Protein chains: 4
Amino acid sequence: MLIGIIMRIDKDRIQDKNQKDLKSHQESFDFLSNRLEKNNCNVNDIIDKLSKFQVAIPSWALGAGGTRFGRFSFQGEPSTLEQKIDDVGILHALTQTAGAISLHIPWDVPQDYEAIKQLAVSHNIIFDAVNSNTFQDQKNAEKSYRFGSLSNREKTIREQAVQHNIDVINIGRKLGSKSLTVWLADGSNFPGQNNFQNALQHTQDSLKNIYGALPDDWKMFIEYKPYEPNFYSTVIQDWGTSFMLANECGEKAYTLVDLGHHLPNSNIEQIVATLMLKGKLGGFHFNDSKYGDDDITVGSIKPYTLFLIFNELVYGMNNNPQNPYPAWMIDASHNIKDPLEDLIQSLEAIQEAYAKALLIDQAQLRAAQIENDVVRCQEILQNAYRTDVRPLLQQARLTTGGALSPLHIYRSLKVRENLITARGVNSKAVGL
Amino acid sequence: MLIGIIMRIDKDRIQDKNQKDLKSHQESFDFLSNRLEKNNCNVNDIIDKLSKFQVAIPSWALGAGGTRFGRFSFQGEPSTLEQKIDDVGILHALTQTAGAISLHIPWDVPQDYEAIKQLAVSHNIIFDAVNSNTFQDQKNAEKSYRFGSLSNREKTIREQAVQHNIDVINIGRKLGSKSLTVWLADGSNFPGQNNFQNALQHTQDSLKNIYGALPDDWKMFIEYKPYEPNFYSTVIQDWGTSFMLANECGEKAYTLVDLGHHLPNSNIEQIVATLMLKGKLGGFHFNDSKYGDDDITVGSIKPYTLFLIFNELVYGMNNNPQNPYPAWMIDASHNIKDPLEDLIQSLEAIQEAYAKALLIDQAQLRAAQIENDVVRCQEILQNAYRTDVRPLLQQARLTTGGALSPLHIYRSLKVRENLITARGVNSKAVGL
Amino acid sequence: MLIGIIMRIDKDRIQDKNQKDLKSHQESFDFLSNRLEKNNCNVNDIIDKLSKFQVAIPSWALGAGGTRFGRFSFQGEPSTLEQKIDDVGILHALTQTAGAISLHIPWDVPQDYEAIKQLAVSHNIIFDAVNSNTFQDQKNAEKSYRFGSLSNREKTIREQAVQHNIDVINIGRKLGSKSLTVWLADGSNFPGQNNFQNALQHTQDSLKNIYGALPDDWKMFIEYKPYEPNFYSTVIQDWGTSFMLANECGEKAYTLVDLGHHLPNSNIEQIVATLMLKGKLGGFHFNDSKYGDDDITVGSIKPYTLFLIFNELVYGMNNNPQNPYPAWMIDASHNIKDPLEDLIQSLEAIQEAYAKALLIDQAQLRAAQIENDVVRCQEILQNAYRTDVRPLLQQARLTTGGALSPLHIYRSLKVRENLITARGVNSKAVGL
Amino acid sequence: MLIGIIMRIDKDRIQDKNQKDLKSHQESFDFLSNRLEKNNCNVNDIIDKLSKFQVAIPSWALGAGGTRFGRFSFQGEPSTLEQKIDDVGILHALTQTAGAISLHIPWDVPQDYEAIKQLAVSHNIIFDAVNSNTFQDQKNAEKSYRFGSLSNREKTIREQAVQHNIDVINIGRKLGSKSLTVWLADGSNFPGQNNFQNALQHTQDSLKNIYGALPDDWKMFIEYKPYEPNFYSTVIQDWGTSFMLANECGEKAYTLVDLGHHLPNSNIEQIVATLMLKGKLGGFHFNDSKYGDDDITVGSIKPYTLFLIFNELVYGMNNNPQNPYPAWMIDASHNIKDPLEDLIQSLEAIQEAYAKALLIDQAQLRAAQIENDVVRCQEILQNAYRTDVRPLLQQARLTTGGALSPLHIYRSLKVRENLITARGVNSKAVGL
């Protein structure tokens, strides 16, 4: 049946499609492995790490995004939570690295929790962090967030926003999520509009109230962002503010880093290193940007920066037991690409940066640093970065049943065409 | 009748309201004039210049703006072109500096040209530059601008976009406009998406085709912007590109500067000076911003920069006969303020910057520059800037029948409340 | 005797010079006071606050600065510590707001402490924060700071840097200073050069060691800066890092904000508000900039931002007993201006911003904020900012024996010419 | 003799050193070639292009650079022009891509032109663009450039600066140079200091005067830069200004792009495309930066941007006969690296970006662009970029007699140690 083809990609079909390129891949992989092993690199270990690295897909990334000037929607977008999970299932089947979905409430409130959970299980997908939304007014909302939510001067509005976050936690509990992500858009558009100190204190109090409702085995991630949608100030404008608030909330509160949420020229990798040293890097949102929070495909603009960030992430995962394993998510939006193709490209770029970071010879790097041999430090990083790691990524996918070339197979299976047939041309995703 | 009160503010009512503050104003004005005259400043001349300085209001600024994250609309927004003209009429009655409206097509296509023109005349308002829109797809459009309009690779799409601009010119002719503003959002979101050279050449050809349809007494303004809604490249990314294109089109083509369309830290006043020296500054869009094209109230973030820009504008108007008198327009958007109040604040900030620039003693500045007396150059600018020029602005409004305090009178006349009563709570403006 | 005229400006001479403008000033001041008093503004209180506001002059600001491309030195620069103190004495006599000097070690190590202290007392000047220097190698230094000082991988280098800071404290104690400013230039020029986590931990340990040597009644100020002289990373890159380090050191450790040490578009006033709320704003360095750490005259580029920052400082001083009274200092450098004239302009700009911030009607602002009347919030700030406060500054100087117009009197007394006569054309200041 | 070893690296010694890695290289190269040929890539053509690509080394890059905060000099720096040429000879022998030197006057005025030319010939090095210096005052200069040179208000200063440029041309003629690079540091530090229009007109006139003295077969390159050493404005602030000036000078005048001379987030590759389309890209300065004009090693921060730029350069070289072959130069400076090692890293990064750009399948890219297949456009670029092209670079060097691994051989030959022995520890290069 056609629907069956659309909603789910059989492993067998993927293996079939892989056949054509298998021999060529094997040659490339062997050649590369051989070279790497000669340099004391444990290739099996890298393949294993790549296989286990899973990135959550946010439910809102499955439809086309837009700008304030308009939105060009994409055909065959998922219009229900079930369809969104199916889309992530497709991604995961192909890439074997998208084994989680991150829901956004109230856009994705399940009707039948058990059915939803079973659907996810059938796709081998778990429910990652749940996301609250207090940056838009929901229909029938009693109070408006026009002038802020958790930071609002008015107590009843703060209470509504806190309650919403608690509701989100409760929805997440039913699905097996273990963390809440709070992105607070609150801020001001004009000097004088807000009293900075009051807004910060209200935010701190609100976060503490949410934190109080957090189950013991949950984490709370506090996002930061310097501007947009507010254009003069944001209450949680930088990692320092988020870190301070997380410390005040308690052990289960962490900072979340979104790559696009920084001022021009920020050294993000250093922020990552600091947070991991202090045990406070909880979550990570991948995307790329040239100007602001552009939310474009991961690795499409600054792949070397992504690699440098992964260098710090790898270092922290190996050396900072005080830091929990971070929650990974893609937070991108696509106005002109097929959202699923875009996510495949993002996942590939993430895995590539991770693989290259794993190639860095940490012992040699440490030795070169100790000798202040700056030239050699750079060589070691560039040596890893310049390596073509695509055979490693392919091998990792191959061992887990994924596609050698996810994008090619996605196209050759005519996934989008089938989705359009099943869902219709005008199907639209809820969200941004 | 209630409607009458709303739609039009009688000069008499304004004069009545002015009475209360008249004595106080007169004292302040006399004190300031006296001081200024002692320093060889011709106060009458300044008052005269301020009175004559008129800024166009774009039709889309009369409703609340928004961001990609949402829009909080404002009550009583104008939902027809007639209502928009009424709103500008209110602004002009109060401030006497908003004597023009700038229409955006296809949002503001008149039904009955004569009626619209008479309405404008009754408000003492003219039709300034008309604006085309090829950054959104219109309903029933044959071709989509998703991948560009004037720069599109496909000839039929470029032709559609050129024809739209010609249509806009024709609409403008019927209303008495004398210029067309082309803001081209075209660009790309990802490296490789566009061939830069082809896109630029297509744009040049398209602009020439539009230029070919321009009446002899018209001007074409070519806007530039570095990013947004495209996040990797914009075809007309900077003044240099606009200037080059304008030169290639011909004498009637000019560059238009929008204050928010620059990379961080740009020296905009120098761009203004260069364009006026070359006779190519055609239009000017006022707004303010801290991060990108934030489109917030003029003068709310960087009033000193605005003053420095006006210094160049005043210099150019006095010394560059090769440059036409520029078309002034406010291009701002307001998510959390009453749009009319916001525009009153913008108009005040513009007049303030202009008045202060007029206070600069150009002869002394020139002398200090020749002596390389940098300290004194700065003193001369700061001396003008530090002067409280509000009495001059008030005097200019008083002589033309406007309000001493436009904002206070707007509120005391309960204009917004009346507009809501007349138009309804849910009235919405078309546009961004 | 000529020397006497140069080194010290008699109050009587200043009073003489003031005579000419006294009547005009009195009229302006009366008119302004009258207006302000009508608006429930306590003018005497403002004058009193302005009189008491004192800003330290750093010893290195008295000579011409430079760039990596060269330095154009200024004639008559002070070449000894005594001459630097004399220069600050001149500034203080004229402005009555430069009652402190901030020394930089090793550029300013006194030979005869008692004589130096007496000289300062004679000028009515105190010794503010002392500054260490571990960003340059001193002659005969055993270890080089080429690869870092407090953060260096090598223990002996860190120890040398810590000891230097302790030496600076000891010098400061003998002079009556009560605080140490640590600006740490350490960082890296290339990815991979440094291990971020190690560098941060070394820095933390080093700072704790310095802190351990801090007298009980002293404070330690930790400066931050995103880049330069290192162009990939700085160990203490932002306020968050400084704040974290200060918290780890203890109660006497504070963050120091330098206006030029931020990434493009940073909201500095919000950082100030956060630090004061948390009781951790220890020091403040004034300057202005358009691009990076340009170190140009205070208020010459973004005077409105300076006003917004002062708004937060005033708020904090009134509402945050948890925060100590901050140490104020000018940190600017002048390649093309007479350094003393430049400092006079900076002091004027600081006082202006302070005065305008004092004019803000905090009760009304609070009321407008509670009503979410954003338009009115902006009006209240702009109402204060647009006021010409120069008569208030002049009145404050008049009551303390300073000059109505410091710059004019500086020039009419031919101070620079006299300094050149006394010190010679080629006299050069040590420092940047 | 020791000196012989130092000053010149025999091809034979390099071939000896290459032996060890030859087999391994051959395997890698064969494997890669094979893959590339399968994708219709002409590997021989690429090797040929890489071999011919030569980048000039500026004489000032051979010593350690510095910042305004200090300079840590490097041992064994070249202190004479002869030694500088020797250093470039070493670079060229190893890399076979540094076959030119770019002199800076007055730092590098030859004493004996014939001897200097013979020395260069013996190294197989030509004299590329000569650079004038009007941003510093030379000893015994009659007039100071403190307030500008070509843009100065004073005619005699402009004349001195023009004459200096003509002198530089004359020096260049004697050496066989064919182009003059004008980097104009002129600008202002404070608003009001300069009259923008006058400064621009003076600059235009001065450039025309220099242009008038240009031999028929020469080119003049006009550099642009937004800020530093001036911190408010630069006369030639952007490509638009340079392009305008070049057009006004004439056919032999071109714009020169320096990668570090742009505002944050500039799209440099688009500027390159525009200039080549218009036939006005004359020269190119390579370096890298994270914040401003950081002048650090090419490719050390943003290698993907470098690749995108090379994509445009390759496109332009193939499609724009109207544009001359650009003059390539490295313009970097190194405070903490051995300058020669740093240059080897820069040359490698340049060749890498060039090789990857040559791998882009232009026909497929064009086809994908025509179909608006944005995903595929990105894939095509990333496919080229992700390829490990080091074997191609090595092969190109091998065929021209260079080193497989220039850096390793540089170190194993102990070049720096030998230079120190020959020149002494304290030898210092003139320049920045």
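Structure shown above.
Here the residue numbering is sequential within each chain, running from 1 through the sequence in written order. A letter from A marks each chain and a number from 1 marks each ligand, given out in the order of writing. This being a predicted model, a pLDDT of at least 70 is required before a residue's local features are given, and a value of 80 or more before pairs of side-chain atoms are given or counted; all residues contribute to the totals for chains, interfaces and linings. Water and hydrogen atoms were dropped before computing side-chain values, which therefore reflect all heavy atoms in the structure.

Student: What am I meant to see in the environment of N165 of chain D here?
Tutor: Residue and element names in this part refer to chain D. Within the secondary structure, N165 sits in helix α6 (residues 155-175). Expressed as a C-alpha distance, the spacing of N165 and E228, which sit 63 residues apart in the sequence, is 21 Å. Other than its neighbours up to four places away in sequence, N165 contacts S132, T134, L150, L180, V182 and I210. Strands are runs of DSSP state E lasting at least two residues, helices are runs of H or I lasting at least four, and both sets are numbered from the N terminus onward. Contacts between residues were defined by any pair of non-hydrogen atoms, one from each residue, lying within 4.5 Å.

Student: I would appreciate a short explanation of the relation of the copies chain A and chain D in the present structure.
Tutor: Superposition of the two copies of the chain requires a rotation about an axis and a shift along the axis. The transform that puts chain A on chain D rotates by 180 degrees and translates by 0.0 Å along the axis, for an RMSD of 0.0 Å. Here the transformation between the copies is reduced to the relation of a two-fold axis. Residue D388 of chain A of chain A places its C-alpha closer to the rotation axis than any other residue of that unit, at 2.5 Å. A shared interface surface links the copies, since 100% of the contact residues of chain A are contact residues in chain D too. Only residues with pLDDT of at least 70 in both copies contribute their C-alpha atoms to the least-squares superposition of the copies.

Student: Would you mind showing me how to read the environment of A273 of chain B here?
Tutor: Residue position: A273 of chain B is located in helix α9 (residues 268-277). The cut-offs for exposure are 20% and 50% of the maximum accessible area for each residue type, with area from a 1.4 Å probe on protein chains only; residues under the lower value are buried, those over the upper are exposed, and the others partly exposed. Given the relative accessible area of 1%, A273 of chain B is considered buried. Counting along the chain gives 215 residues from A273 of chain B to P58 of chain B, while the straight-line C-alpha distance between them is 25 Å. Ignoring anything within four residues of it in the chain, the contact list for A273 of chain B reads E312 of chain B together with F196 and Q197 of chain D.

Student: Is there a simple way to explain the interface of chain A and chain D in this structure?
Tutor: Reports of interface size often rely on the accessible area that becomes lost once the parts have come together. With 39 residues of chain A in contact, the opposing surface of chain D contributes 39 residues. Summing both partners gives a buried area of about 3700 Å² for chain A against chain D, and 45% of it is carried by carbon and sulfur. In terms of surface lost to chain D, no three residues of chain A exceed N265, V375 and R386 of chain A, which account for 20% of the buried area on that side. By convention in these notes, a salt bridge is any Lys or Arg side-chain nitrogen within 4 Å of a carboxyl oxygen on Asp or Glu. Applying the counting rule to chain A against chain D returns 6 salt bridges. Here R35 of chain D and E27 of chain A are joined by a salt bridge, their closest N and O atoms 2.8 Å apart. Two N or O atoms form a polar contact when they lie within 3.5 Å of each other; inside protein one atom must be a possible hydrogen donor and the other a possible acceptor, and for residues adjacent in sequence the pair counts only when both atoms belong to side chains. In this assembly, chain A and chain D are joined by 21 residue pairs in polar contact (both at pLDDT 80 or more). We define buried area as the total accessible area lost by two parts upon association, computed with a 1.4 Å probe and summed across both.

Student: Please clarify how the packing of helix α4 (residues 81-95) of chain D against helix α5 (residues 113-123) of chain D should be interpreted in this entry.
Tutor: A pair of packed helices can be characterised by two numbers: the angle between their axes and the separation between those axes. Residues and elements named next belong to chain D. For helices, the fitted axis covers only the stretch in contact; all axes are lines through C-alpha atoms, and the angles between them, taken along N-to-C directions, range from 0 to 180 degrees. Across the interface, α4 lies against α5 with an axial gap of 9 Å and an inter-helix angle of 10 degrees. Considered as vectors, α4 and α5 are oriented roughly parallel to each other. For the pair α4 and α5, the sense of crossing is right-handed. On α5, the residues touching L81, E82, I85, D86, G89 and H92 of α4 are I116, L119, A120 and H123. Its residues assigned to classes, the contact of α4 with α5 shows 5 nonpolar, 3 polar and 2 charged. Relative orientations are named as follows: roughly parallel for angles under 35 degrees, roughly antiparallel for angles over 145 degrees, roughly perpendicular for angles from 65 to 115 degrees, and oblique for any other angle. Each helix crossing is assigned a hand: it is left-handed if the near helix lies turned anticlockwise from the far helix by less than a right angle, otherwise right-handed if that turn is clockwise. Note on residue categories: nonpolar means Ala, Val, Leu, Ile, Met, Phe, Trp, Tyr, Cys or Pro, charged means Asp, Glu, Lys or Arg, and polar means any other residue, Gly included.

Student: I would appreciate a short explanation of the environment of Q197 of chain A in the present structure.
Tutor: Relative to the helices and strands, Q197 of chain A is located in helix α7 (residues 196-212). For Q197 of chain A, a relative accessible area of 4% translates into the label buried. Separated by 129 residues in the primary sequence, Q197 of chain A and P326 of chain A place their C-alpha atoms 30 Å from one another. Residues in contact with Q197 of chain A, not counting those within four places in the same chain, are A273, M276, L277, Y315 and N320 of chain C.

Student: What should I look at first to understand the interface of chain A and chain C in this one?
Tutor: Contacts between the two partners involve 53 residues from chain A, matched on the other side by 53 residues from chain C. For the pair chain A and chain C, the two sides together bury roughly 4700 Å², of which 55% comes from carbon and sulfur. Counting the surface chain A buries against chain C, the share from its top three residues, F196, Q197 and Q270 of chain A, is 14%. One can count 2 salt bridges joining chain A with chain C.

Student: What is the right way to look at the state of the cysteines in this model?
Tutor: Where two cysteines share a covalent bond between their sulfur atoms, that bond is called a disulfide. Disulfides are defined in this document as cysteine sulfur pairs within 2.5 Å. Scanning the model with the defined rule gives 0 disulfides over all chains in all. Sulfur of C41 of chain B: no disulfide; nearest cysteine sulfur belongs to C377 of chain B and is 19 Å away.

Student: Which parts of the structure should I look at to understand the relation of the copies chain A and chain C?
Tutor: With an RMSD of 0.0 Å, the fit of chain A onto chain C corresponds to turning through 180 degrees and sliding 0.0 Å along the axis. Interface residue correspondence from chain A to chain C reaches 100%, placing this contact among same-surface, isologous pairings.

Don't take any of this as a statement about function, it's just geometry.
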